Amino acid sequence: MFRRIKNRILRYLVIAIYFVIVLVCAIQLNFLWLFGYSPTKKDIIMPSLNISTELYTADSVLIGRYFDEDRNPVPFDSIPKTVINALIATEDVRFYQHNGVDFLGLGSGIVSTLKGDKRGASTITQQLAKNLYRTRYNKAGGLLTRLPVAGLVITKFKEWMTAYKLEQRYSKNQILEMYLNTVSFSNNAYGIETAAKRYFSKGANQLNQNEAAVLIGMLKGTTLYNPIRNPEKAFDRKNTVLSQMHKSGFLTKAAYDALVKEKIVLDANNQDVNAGGDSYLRTAVAKWLEKWSEENNYDIYTDGLKIYTTINSKLQKHAEEAVAKQMAELQQRLNNTWDGQEPWRDLSGKVIPNFLENLAKKTPYYAFLSKKYANSPDSINYFLDKKKKMEVYNWKDNGKVEKEMSTMDSLKYYAMMLNAGMMSMDPYSGEIKAWVGGIDHQYFKYDHVMQAKRQAGSTFKPFVYLAALESGMSPCDKITDKPVTIKIDKGDSVEVWEPKNADWNFSYREMSLRHAMARSINSVTVQLTDMVTPAKVVDAAQRCGITSKLNPVASVGLGPNDVSVFEMVNGYSTMMNHGERVTPILVSKIEDHDGNVIATFQAERKQVVDKQDAWLMTYMLRGGMEEPRGTSQGLWEWDLFDKENQIGGKTGTSSEYVDGWYMGVTKDLVTGIWVGCDERSIHFKNSHTGEGSRTALPIFGVFLESVYKDKQLGYTQGKFPEPTVEITKSYKCETPRYSDPEPEQGDSTSIDEQTDEGFIGPEEESTEGSAERNHNEGGDSENTGASETP
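Scoring rules and cut-offs
Residues numbered from 1 in each chain as written. Predicted model: local features only at pLDDT ≥ 70, side-chain atom pairs only at ≥ 80, totals over all residues. Heavy atoms only, no water. Helix = DSSP H or I, 4+ residues; strand = E, 2+ residues; numbered from the N terminus. Buried < 20%, exposed > 50% of the residue type's maximum accessible area, 1.4 Å probe, protein only. Contact = heavy atoms within 4.5 Å. Areas by Shrake-Rupley, 256 points an atom, 1.4 Å probe, with all protein chains shown as cover. Pairing = 2+ DSSP bridges. Axes fitted to C-alpha atoms, helices over the stretch in contact; angles between N-to-C directions. Arc of directions from axis to C-beta. 1 Å grid on protein atoms, 1.4 Å probe; cavity = no way out; pocket = protein on both sides within 12 Å on 5 of 7 lines; lining within 4 Å. Points joined across faces, edges and corners; volume = space filled by probe spheres on them. Nonpolar A, V, L, I, M, F, W, Y, C, P; charged D, E, K, R; others polar. Phe/Tyr/Trp six-rings, centres within 6.5 Å; stacked < 30°, edge-to-face > 60°. Patch = residues over 30% accessible without salt bridge, like charges linked within 9 Å, V, L, I, M, F, W, Y side chains within 5 Å. Salt bridge = Lys/Arg side-chain N within 4 Å of Asp/Glu carboxyl O. Core = buried A, V, L, I, M, F, W, Y, C linked by side-chain atoms within 4.5 Å. Polar contact = N/O pair within 3.5 Å; in protein donor to acceptor, adjacent residues only side chain to side chain. Parallel < 35°, antiparallel > 145°, perpendicular 65-115°, else oblique. Left-handed = near helix turned anticlockwise from the far one by under 90°.

## Focus on the overall build of the protein
- When you go through the protein residue by residue, the secondary structure sums to 29 helices and 26 strands.
- For the protein, with 790 residues in total, the buried portion stands at 55%.
- In the protein, the share of contacts with a sequence separation of at least 24, taken over all contacts with a separation of at least 6, comes to 71%.
- Element-wise, carbon and sulfur atoms account for 51% of the exposed surface of the protein, whose accessible area totals about 36,500 Å².

Below is the structure:
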């Protein structure tokens, strides 16, 4: 075919052109899978950028990011001229003269390389092609690219082709914009905007000439010229960039001479950037949106969304500070309790044998040692007991401290660590306002609001009283505090259960339901459960929002079932919201990268409790503060009761003081708090140190006091909402005040814990509410016991 062309030079030229056309087509089509992937026209028109998603509070405070690559693209007019000039002078001085491939620069680069001065010849557009379409990654390669020389030629040729396509599709300024929003600046910072915030705590449009030179200089080697890791090399590289700018006419001699003397001044503590770190809230929202993301084909790690939570940043801060303040004291109290003793005990109080050894066997380090020293247990033990420097969590020193500890020492240290979960919610809208999943997410990933489920203790009792109201009873109906015998038909036998009060004593007095709930009397709770049936109690709890499995056994009202803080807050909110259950929501809306709202979220609503009974339950919850010897009266220690403020609540403690709870309700918020060790065999020894009124309740007191003092929040003191329906049941019943002394009755659930197989016990529980104030006839109060300090 080519022989018809008589002119040899022309024939060779045609052959070359024909070869190039065939090669281009073969590469574009990935002929026989020899050449690998090449960007298509659609890819060029719609280049894909992985953009970080930002997480905001309801009041627009950035609290987190989700990203594979932390990137926040900015438009060209937000990039200062100093950055553009530094980039062109250093990377592609003929940028405005070529169409994607600079053959003159390529030839110059080859000559320089042959002379020993290695210099890259890739244009900015070629580098953009490589960054956007990852042309040098294995997944972009074909069979021929595995050959050393052929692979380099084919890859380079594909970059040329892609660069040419980009130049045909986009303007020079658009290419610069895409490039500067694409490149990596180390430390998981992608794009000039994120880099400016990462290293200098400012936006890209605020960068000065020196700072711009530092960042552009990093592009030659983001690790080698990282100003944090290698400040001296970064300084030299910065001056090289300034030198190139001077040679290219972007800097005068005087400006260059002044700038090369300037030191690099970093500011790497930007809170917006640091907000990208992991947290309980960030993790909870990610889990919250798993189903939504899948159903709507969004990826929160790459799609650059803006997620607005229902969290109030100031409430969140007050909650975190309240937990931190009290937990530091509680941890010291627990450490003092077991000073010099092994705290892991069984139900009989005996030390659990091989406790730490069994924990060690679950660690990756033990698996590594077992593999390395398979036949040498002494060697395994030697390394487990060998002390070394390690960073561990500590309430002081900004949450961490370096200590000389062995692996076994650290296991004991962390097993003894108390943790907490706290959630506060608007009961009417369903919006979650504060979420504290634990004491520190860096060290303790497990979320104690949603994931953790623990025995609810006496905080479960209100569901018994709700079931009693639904059966026709009223808050003024009376039941005698007396010994109770419950017979359980086991089919082939009858089992007898005789639950006890916290102090193992009975007053033999008639008590109104409101007074009995306020005092948290076990015997009354069990009698009510027997009257309405355990199944009715379970039904009431589940209708209110408890979703965990609940065994309908005689002891169900004393809280032996495991539930989460999230569920309990939802359950109490149903009572506050006139019997209407609202599904708690953590996310209010989601916007795409352009600010368009693509999703909104509203709470699902369902009337599940009669409005009269729901209002009466809120009235009974107030009894913890208003009834004599109510278990919430430790709250008098805080400044919470101006303007006739009303607070309701319920303390709770599980067997052996393993779990401490407080559920607090105000006219605006429902707040749930749990405190305990993740290892259930480690706990306080007695009611005076470990009951919920002395562990969880103080956190609520500190939190609520700080909320009321923060006038900008708008949460004010005041009375509970009035009923929206006529109240036909009697509820204004005065509780007698006895002059004879009565044993202090706390919020205990001292029970023989009942399971499907029978009863386990007896196990004494806590005695809540020893810190209370009794109101005298004149309306003043007398402090008869304050919350214990360590």
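## Quick notes on the side chain of Ser-632
- Locating Ser-632 in the fold gives a position in the loop between α26 (623-626) and β20 (648-653).
- Excluding its chain neighbours within four sequence positions, the residues that come into contact with Ser-632 are Gly-624, Met-625, Gly-649, Lys-650, Tyr-662 and Leu-697.

## Some remarks on the sheet that holds strand β22 (residues 670-677)
- As summarised here, the arrangement of the 5 strands in space is β9-β8-β22-β21-β20, forming an open sheet in which the pairing is antiparallel. Every interior strand has two partners, whereas the edge strands, β9 (432-436) and β20, have only one. Here the average twist between neighbouring strands, direction ignored, is 5 degrees.
- Pairing analysis gives 8 bridges linking strand β8 (residues 418-425) to β22, with the strands arranged antiparallel. Among the inter-strand pairings, Met-425 is bridged to a residue of β22, identified as Val-670.

## Here we look at helix α23 (residues 534-544)
- All of the buried residues along α23 are Pro-534, Val-537, Val-538, Ala-540, Ala-541 and Cys-544. The arc that holds the buried residues of α23, viewed along the axis, is 160 degrees, so those residues lie on one side.
- Residues of α23 that are buried in the fold lie against α20 (461-470), α22 (522-532), α24 (565-576) and β16 (580-582).
- At the exit of α23 stands Gly-545, carrying a positive phi of roughly 135 degrees.

## Considering empty space enclosed by the protein
- The tally for this structure, following the rule as stated, stands at 5 cavities of 30 Å³ or more.
- Taken as a whole, the largest cavity holds about 50 Å³ of empty space.
- Around the largest cavity sit 13 residues that line it, and Leu-418, Tyr-657, Val-658, Gly-676 and Phe-684 are the ones nearest its centre.
- Elements represented by at least two residues in the lining of the largest cavity include exactly β21 (659-665) and β22.
- For the lining of the largest cavity, the element with the most residues is β22, which contributes 3 residues.
- Grouping the amino acids of the lining of the largest cavity by side-chain chemistry returns 7 nonpolar, 5 polar and 1 charged.

## Section: the packing of aromatic side chains
- Enumeration over the complete set of coordinates arrives at 23 aromatic pairs.
- Taking the centre distance of 4.8 Å and the plane angle of 10 degrees together, the rings of Trp-344 and Phe-355 count as stacked. With Trp-344 in the loop between α15 (313-337) and α16 (355-360) and Phe-355 in helix α16, this residue pair connects regions lying 11 residues apart in the sequence. Like Trp-344, the residue Phe-355 is buried in the burial classification.

## Quick notes on a nonpolar patch on the surface
- Together, Leu-10, Leu-13 and Ile-17 line one region of the surface with nonpolar side chains, adding up to about 270 Å² of accessible area.
- You can see Leu-10 is positioned in helix α1 (residues 8-29).
- For Leu-10, a relative accessible area of 43% translates into the label partly exposed.

## Re the sheet that holds strand β2 (residues 62-66)
- Here we have 5 strands laid out as an open sheet, ordered β2-β1-β5-β17-β18, and mixed in their pairing. A strand with exactly one partner marks an edge of an open sheet, and here the two such strands are β2 and β18 (597-600). Between one strand and the next, the sheet's axes are offset by a mean angle of 20 degrees, whatever the strand orientation.
- Here 4 bridges tie strand β1 (residues 53-56) to β2, and the two strands are oriented antiparallel to one another. Considered in β2, the bridge of Leu-55 is made with Gly-64.
- Helix-sheet contacts for helix α13 (residues 280-288) involve β1, β2, β5 (306-309) and β17 (587-591), and the interaxial angle to β2 is about 55 degrees.

## Regarding the pairing of strand β13 (residues 494-497)
- Bridge count between strand β12 (residues 486-489) and β13: 4 bridges; the pairing is antiparallel. Its bridge partner being in β13, Ile-486 is matched across the sheet by Trp-497.
- What sits between the antiparallel neighbours β12 and β13 is a turn of 4 residues, in which Gly-491 has the positive phi angle 95 degrees.

## Here's the deal with the nonpolar core
- Counting 136 residues, the largest nonpolar core has Trp-435 and Tyr-465 as its most contacted members.
- Counting residues per element, this core draws most heavily on helix α29 (residues 697-709), which supplies 8 residues.
- Not counting residues up to four positions away in its chain, the partners in contact with Trp-435 are Tyr-280, Leu-281, Ala-284, Trp-288, Ile-311, Gln-316, Met-422, Asp-447, Val-449, Met-450, Phe-566 and Leu-586.
- Core analysis: the second largest hydrophobic core is formed by 44 residues, Ala-89, Leu-242, Leu-251 and Val-260 among them.

## Here's the deal with the environment of Val-93
- Here Val-93 shows up in the loop between α3 (81-91) and α4 (103-114).
- Sequence spacing of Val-93 and Ser-248 is 155 residues, and the spatial spacing of their C-alpha atoms is 7.4 Å.
- Dropping the residues within four chain positions of it, Val-93 is found in contact with Ile-88 and Ser-248.

## Some words on the side chain of Thr-194
- One can find Thr-194 in helix α8 (residues 192-200).
- At 3.3 Å, the side chain of Thr-194 and the backbone nitrogen of Asn-72 are in polar contact.
- From its side chain, Thr-194 meets the backbone oxygen of Tyr-190 in a polar contact 3.4 Å long.
- When sequence neighbours within four positions are dropped, the list of residues in contact with Thr-194 reads Asp-70, Arg-71, Asn-72 and Ala-189.

## What to know about the pattern of salt bridges
- Under the definition given, this model contains 25 salt bridges.
- With its nearest N and O atoms 2.6 Å apart, the salt bridge here joins Glu-321 to Lys-317. One end of the pair is Glu-321 and the other is Lys-317, both in helix α15 and 4 residues apart, which spans about a single turn.
- Its relative accessible area of 42% is what places Glu-321 among the partly exposed residues.
- We classify Lys-317 as partly exposed; its relative accessible area is 47%.
- Two residues, Asp-539 and Arg-543, come together in a salt bridge whose shortest N-O distance is 2.9 Å. With Asp-539 and Arg-543 both in helix α23 and 4 residues apart, this pair spans about one turn of that helix.
- Classification of Asp-539 by relative accessible area gives partly exposed; the value is 34%.

## Looking at the packing of α20 against α22
- Two numbers describe how α20 lies on α22: the axes approach to 9 Å, and their chain directions differ by 45 degrees. One finds that α20 runs oblique with respect to α22. The two elements α20 and α22 cross, and the hand of that crossing is left-handed. Residues Lys-461, Val-464, Tyr-465, Ala-467 and Ala-468 of α20 form the contact with α22, whose own contacting residues are Asn-522, Val-524, Thr-525, Leu-528, Thr-529 and Val-532.
- The residue inventory of the contact of α20 with α22, partitioned by class, reads 7 nonpolar, 3 polar and 1 charged.

## Quick word on unusual backbone geometry
- Even without being a glycine, Asn-297 presents a positive backbone phi close to 60 degrees.
- Within the secondary structure layout, Asn-297 lies in the loop between α14 (290-296) and β5.
- Positive phi outside glycine occurs at Thr-533, with the angle close to 85 degrees.
- Structurally, Thr-533 is set in the loop between α22 and α23.
- Overall, Thr-533 belongs to the partly exposed group, its relative accessible area being 34%.

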